[in-house]
Amino acid sequence: MAVKRTLASVVLGAVLALPAFADEDPAIAARQGQFKLFAHNFGVVGGMAQGRMDYDAEMAQTAADNLFHLTRVDQGRLWPEGTDSASSEGTRANADIWDNLDDFVSKFVDLQNAVEDLQGVAGSGLDEVRASVMAVGGTCQACHEDYRDEES
Amino acid sequence: MLRRVVLILVMIGLIAAGALWVLSAPRVPDSDTLARLDGEPERGRDVFLAAGCGSCHMAPGREADPLVMSGGREFVSDFGKFYAPNISPDPEHGIGDWTQDQFITAVMRGVSPGGQHYYPAFPYTAYIRAEPQDIADLHAYMMTLPRDETASRDHDIGFPFNIRRAVGLWKTLFLQEEWVLTDDLTEEEARGRYLVEALAHCAECHTPRNMLGALDSARWMEGAPNPSGRGRIPPIAGEGFTWTAFDISAYLETGFTPEFDVVGGTMAAVVANLQQLESAEREAIAAYLLRLRD
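The rules behind each value
- Residues numbered from 1 in each chain as written.
- Chains lettered and ligands numbered in written order.
- Predicted model: local features only at pLDDT ≥ 70, side-chain atom pairs only at ≥ 80, totals over all residues.
- Heavy atoms only, no water.
- pLDDT = per-residue confidence, 0-100.
- Contact = heavy atoms within 4.5 Å.
- Pairing = 2+ DSSP bridges.
- Helix = DSSP H or I, 4+ residues; strand = E, 2+ residues; numbered from the N terminus.
- Salt bridge = Lys/Arg side-chain N within 4 Å of Asp/Glu carboxyl O.
- Buried < 20%, exposed > 50% of the residue type's maximum accessible area, 1.4 Å probe, protein only.
- Axes fitted to C-alpha atoms, helices over the stretch in contact; angles between N-to-C directions.
- Parallel < 35°, antiparallel > 145°, perpendicular 65-115°, else oblique.
- Left-handed = near helix turned anticlockwise from the far one by under 90°.
- Nonpolar A, V, L, I, M, F, W, Y, C, P; charged D, E, K, R; others polar.

**What about the confidence of the model for chain A?**
Detailed reading of the predicted coordinates is not advisable wherever pLDDT falls low. Per-chain confidence: chain A averages 88 in pLDDT, with 85% of residues scoring 70 or above. Below pLDDT 50 for its whole length, residues 1–20 of chain A participates in one contact with residues either more than four positions away or in separate chains.

Written out as structure tokens, the structure reads:
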């Protein structure tokens, strides 16, 4: 009985949702959370590179280690088809991603490689960190330029 | 739809006003003065970067060479689709056989060597405020770029917007050589104003437009709908924008926001250009934007 009622309300919910977009896929919030964590850790080394805060080898290393692990999280379930900004509410992921998946993945791999370099130099001084931070930022920018829409 | 109908009525009204026809004839600066300027290619590179010519005129492909001005990029507007033409030094398909004064007249007045009006999708509406010497330097620099043989593509726009002469009326109404920010400025702020209002045409994206596609100077830089799709271009003046001078110049240099998000969309190319200039130039832009606050 309970099952039946749940089922009925799910169907009803789906019908009500029809005129708008499909129900928001939880993958969207999950990947946005992932990017927020990128920025949160990137801000430590980025802040040092820009002179917003003093260089601290240990803090820089921790942030770079975090970024290393964060950029290794498997992306398999974060980008389901139909979660682009033309088909789904609440996302800035441009539909071009799914038309150019190879390029999108290769831009993600560029990020992984740049972060690996950053991890290698994070503890060895501000100049090294500065150059490496710019390289990492360049890989974020390259992907955002092609595949991320403006905020609504 | 209503917007389109209104637009068409207004345009037809304007065209029908025969008395205005004479006003629509191209007006150009004195070509002798322009021809005598001595263009300096090295200085021209900085002008090229600040003015962002490459952002529009490079090939559309993802990994296109930023120095090959083959054209082909598409610009969506309320009036139809425009395609950037080939402006490489190729004499047949590009602008290799143009004289310096023809080039300056095109960039600073939106008038072609054949005497026709260009559409303001080409932001001569900003470049009109540039120093002719800078545009002469730009010409000298652009003639050193690679030649390309891609043919320019026709625009995809319907009646009445496809009548170039009508652009002359538009210019009479909206093409403005005066500065938008007219306060007393420090030398740095004045440099910033030159970069922002004359060369880098920040307002073309960050300022909303009226029904005829002209920038609304009452809401200068206060954010605008994105002409080419979803989302909005963020405000960089007014209450919605609270960045410090450092935040602004750091963003223009590194692409990092104060929250360490990283620039994307069409702004990424602006940053990629401006980060190659002297830091004083980015600081001047920041000083100008802060002046828009008071």
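**Digging into the pairing of strand 2 (residues 80–83) of chain B**
All names here are of chain B. When strand 1 (residues 74–77) meets strand 2, the two strands line up antiparallel, connected through four bridges. Within strand 2, the residue paired with glutamate 74 across the bridge is tyrosine 83. Remark: two residues form the turn of the hairpin made by strand 1 and strand 2, two consecutive strands paired antiparallel.

**Re the pattern of salt bridges**
All names here are of chain B. Throughout the structure, instances matching the rule amount to 15 salt bridges over all chains. Note that aspartate 137 and arginine 43 form a salt bridge whose closest N and O atoms lie 2.2 Å from each other. A residue pair is termed long-range when its members are at least 10 positions apart, and aspartate 137 in helix 8 (residues 132–142) and arginine 43 in helix 4 (residues 41–51) qualify at 94 residues. The class of aspartate 137 is buried, set by a relative accessible area of 0%. On the basis of relative accessibility, which here comes to 43%, the residue arginine 43 falls in the partly exposed class.

**Concerning the packing of helix 2 (residues 26–49) of chain A against helix 3 (residues 57–70) of chain A**
All names here are of chain A. Where helix 2 contacts helix 3, the two axes come as close as 9 Å, and the packing angle between them is 150 degrees. In terms of axis orientation, helix 2 runs roughly antiparallel to helix 3. Where helix 2 crosses over helix 3, the two elements pack in a sense that is left-handed. In this structure, helix 2 uses Gln34, Leu37, Phe38, Asn41, Phe42, Val44, Val45 and Met48 to contact helix 3, whose residues at the interface are Met59, Ala60, Ala63, Asn66, Leu67 and Leu70. Considered class by class, the residues forming the contact of helix 2 with helix 3 number eleven nonpolar, three polar and no charged.

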